[in-house]
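# Fold and contact review
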Amino acid sequence: MKLLENKVCLVTGSNRGIGASIVKSFAEEGAVVYANARAEGCIDEVCEKLSKDNNTQVIPIYFDVTDESAAKTAIMQIKKEQGRLDVLVNNAGIMKDSLIGMIGKELMKEVFDVNVFAAMSMLQLASKLMKRQKSGSIINFSSIVGVNGSAGSLVYSASKGAVATLTKSAAKELAGDGIRVNAVAPGMIETDLFKSIGPEKIEENRDKIFMKRFGTPEEVADVVVFLASDQSRYITGQIIGVDGMTIM
Ligand SMILES: NC(=O)c1ccc[n+]([C@@H]2O[C@H](COP(=O)([O-])OP(=O)(O)OC[C@H]3O[C@@H](n4cnc5c(N)ncnc54)[C@H](OP(=O)(O)O)[C@@H]3O)[C@@H](O)[C@H]2O)c1
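So, here's what we can say about the structure. (Residues numbered from 1 in each chain as written. Predicted model: local features only at pLDDT ≥ 70, side-chain atom pairs only at ≥ 80, totals over all residues. Heavy atoms only, no water.)

### With respect to the pairing of strand β4 (residues 87–90)
Because side chains alternate across β4, one face comprises the buried residues V87 and V89, and the other comprises L88 and N90, equally buried. Pairing analysis gives three bridges linking strand β1 (residues 8–11) to β4, with the strands arranged parallel. Across the sheet, the residue bridging to C9 is V87, located in β4. Of the pairings in the sheet, the one linking β4 to strand β5 (residues 136–141) comprises four bridges and is parallel in character. Among the inter-strand pairings, N90 is bridged to a residue of β5, identified as N140. (Buried < 20%, exposed > 50% of the residue type's maximum accessible area, 1.4 Å probe, protein only. Helix = DSSP H or I, 4+ residues; strand = E, 2+ residues; numbered from the N terminus. Pairing = 2+ DSSP bridges.)

Right, here's the structure in full:
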């Protein structure tokens, strides 16, 4: 028996990075996956291949997570086609920042729109559906900097700190409905987002990791599979570090 056999899952921001790995791992574990991306058509081919390779359905679903009405339409499509939603992975995220004193309101709004407000809206929409079936698993994306803070990361770290606390609050409120809410807090994972800090900072950061290497998207996806599956059925309200023991 595969870990996610027949579970209906939605993964946001899944055209690259950690989201793409999660979709692949979910498909390999037998899930029916709705893979979200923004650019119309960009993951059609990969979804078709994953469906064939794993004898399951990996369905592209295109919307911007900050567009509330498009997100609602997407959830309604899943309800119509599958009648249920077992797992939501709020993976879509952006990292933009500046030094204190140079941060404009627009930047703050942009980062919070994607990382916090969209995650909360998706959680609201998904949990409405999950409440009816009295079960579900929601996995949010915090970050090691959302737990510990980091110099030069005022906005991004605050947004990921908000994700950590909203996860705990939602877990408390939704536990009675059979819905679990957890978050992963990755350290430094080799994706475009991490590479955007530049080669110098990347090398500086390696020394902060006790395992002396950066993480891979697959290593985060493995934890997300566990949290999505019934193997974690007594785990909720947790922020799980995936960081090779990093001290920021
Ligand atoms: N990599 C790390 O070291 C690290 C560490 C801690 C936490 N995280 C978190 O892990 C998650 C995944 O990060 P990653 O490293 O895989 O980043 P990434 O490679 O930059 O990928 C981010 C994904 O989010 C999507 N996205 C951004 N804004 C969106 C929107 N408005 N609507 C829909 N999709 C949107 C992007 O789509 P487009 O291609 O259209 O932009 C892309 O697919 C994020 O929440 C990030 O904050 C990452």
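Next comes the rest of the account.
### Looking at a positive patch on the surface
Taken together, K72, K79, K128 and R132 make up a surface patch of like positive charges. Those elements that provide at least two residues to the positive patch are α3 (68–82) and α4 (105–133). When you line up the elements, K128 lands in helix α4. Look at K128 and you get exposed, because its relative accessible area is 57%. (Patch = residues over 30% accessible without salt bridge, like charges linked within 9 Å, V, L, I, M, F, W, Y side chains within 5 Å. Areas by Shrake-Rupley, 256 points an atom, 1.4 Å probe, with all protein chains shown as cover. Salt bridge = Lys/Arg side-chain N within 4 Å of Asp/Glu carboxyl O. Lys, Arg positive; Asp, Glu negative; His and termini not counted. Charge placed at Lys NZ, Arg CZ, Asp CG, Glu CD.)

### Digging into the sheet that holds β1
Across the sheet, seven strands lie side by side as β3-β2-β1-β4-β5-β6-β7; this open sheet has parallel pairing. Every interior strand has two partners, whereas the edge strands, β3 (58–62) and β7 (239–242), have only one. Going across the sheet, the axis of each strand differs from the next one's by a mean of 20°, ignoring polarity. Note that strand β2 (residues 32–37) and β3 share five bridges and pair parallel. Paired with N36 across the two strands is I61, which belongs to β3. Each of β1, β2, β3, β4 and β5 touches helix α1 (residues 17–28); the most contacted strand, β1, lies at about 170° to it. In this fold helix α9 (residues 217–228) packs onto β4, β5, β6 (179–186) and β7, with an angle of close to 165° to the strand it touches most, β6. (Axes fitted to C-alpha atoms, helices over the stretch in contact; angles between N-to-C directions. Contact = heavy atoms within 4.5 Å.)

### Side note on the environment of L85
When you line up the elements, L85 lands in the loop between α3 and β4. Overall, the relative accessible area of 0% leaves L85 in the buried class. Separated by 44 residues in sequence, L85 and L129 place their C-alpha atoms 6.7 Å apart. When sequence neighbours within four positions are dropped, the list of residues in contact with L85 reads V8, C9, L10, I75, I78, A126, L129, M130 and Q133.

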